[in-house]
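# Fold and geometry: a report
Single-letter residue listing:
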Amino acid sequence: MLDHVAEEVFDDDIDRADLARYLADPAQALIVAMANDVVVGQIKTILHRHPEKPPTLFVEELGVAPTHRRRGLGTALLHAAEAIARARGCTEIWLATEPDNAAANAVYAAAGWSPQQVTMYSRTLEGD
């Protein structure tokens, strides 16, 4: 199924070994949208379990081919992720995007998601 993927659906080419490891992890979920045997959209999620509260689902990435944007596909993929969250007993689903990513912010708002103010930290581990 992932042999035929439209441009800009994923950030990079799919590596079969990485894909196999990803799909073998029960905490991960990958949902794709197809048109004419081509993947034109995808959403990747990961389940976060906590010792003191119900699980949450994090949307790692949402991608839709430019040829299929503004047709409700991103919103449909978000709703599919919400269904996975509910099925896994999650009480919250969340994601992060840049404040100036107007297209992404419009999709999330249209799907009924609320923006939150957070400070994100990261650290590159290469070359430590």
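Overview of the structure. Here the structure is a predicted model, which is why all the values come from computation and not from measurement.

## Some remarks on the overall build of the protein chain
The helix and strand inventory of the protein chain stands at three helices and four strands. Taken from the N to the C terminus, the helices and strands of the protein chain come in the order α-β-β-β-α-β-α. Its C-alpha radius of gyration of 15 Å places the protein chain within 12% of the 14 Å reference for a compact globule of 128 residues. With respect to the principal axes defined by its C-alpha atoms, the protein chain has extents near 45 × 35 × 35 Å. Considering only contacts in the protein chain between residues 6 or more positions apart, those separated by 24 or more positions represent 53%. Across the protein chain, the centroid of the 11 positively charged side chains sits 7 Å from that of the 19 negatively charged ones.

## Let's talk about unusual backbone geometry
Even without being glycine, Glu 8 reaches a positive phi, approximately 70°. With respect to the element layout, Glu 8 can be found in the segment before α1 (16-24). A residue is classified by how much of its surface remains accessible, and Glu 8, at 52% relative accessible area, is exposed. For Arg 70, which is not glycine, the phi dihedral falls at a positive 65°. Among the secondary structure elements, Arg 70 is positioned in the loop between β3 (56-64) and α2 (73-87).

## Regarding the pattern of salt bridges
Following the criterion strictly, the structure yields four salt bridges and no others. Note that Arg 69 is salt-bridged to Glu 8, the shortest N-O span being 3.4 Å. Of the two residues, Arg 69 sits in the loop between β3 and α2 while Glu 8 sits in the segment before α1, which places them 61 residues apart along the sequence. The exposure class of Arg 69 is partly exposed, given its relative accessible area of 41%. The salt bridge involving Arg 21 is made with Asp 18; its shortest N-O contact spans 2.4 Å. In this pair, Arg 21 and Asp 18 both sit in helix α1, three residues apart, roughly one turn of the helix. Residue classification places Arg 21 among the exposed positions, given a relative accessible area of 54%.

## Digging into the side chain of Thr 45
Among the secondary structure elements, Thr 45 is positioned in strand β2 (residues 38-48). Under the relative-accessibility criterion, Thr 45 is labelled buried at 0%. Discounting chain neighbours no more than four positions away, the residues touching Thr 45 are Tyr 22, Ala 27, Gln 28, Ala 29, Leu 57, Phe 58, Val 59, Glu 60 and Ala 81.

Conventions used here
Residues numbered from 1 in each chain as written. Predicted model: local features only at pLDDT ≥ 70, side-chain atom pairs only at ≥ 80, totals over all residues. Heavy atoms only, no water. Helix = DSSP H or I, 4+ residues; strand = E, 2+ residues; numbered from the N terminus. Rg over C-alpha atoms; globule rule 2.2 N^0.38 Å. Contact = heavy atoms within 4.5 Å. Lys, Arg positive; Asp, Glu negative; His and termini not counted. Charge placed at Lys NZ, Arg CZ, Asp CG, Glu CD. Buried < 20%, exposed > 50% of the residue type's maximum accessible area, 1.4 Å probe, protein only. Salt bridge = Lys/Arg side-chain N within 4 Å of Asp/Glu carboxyl O.

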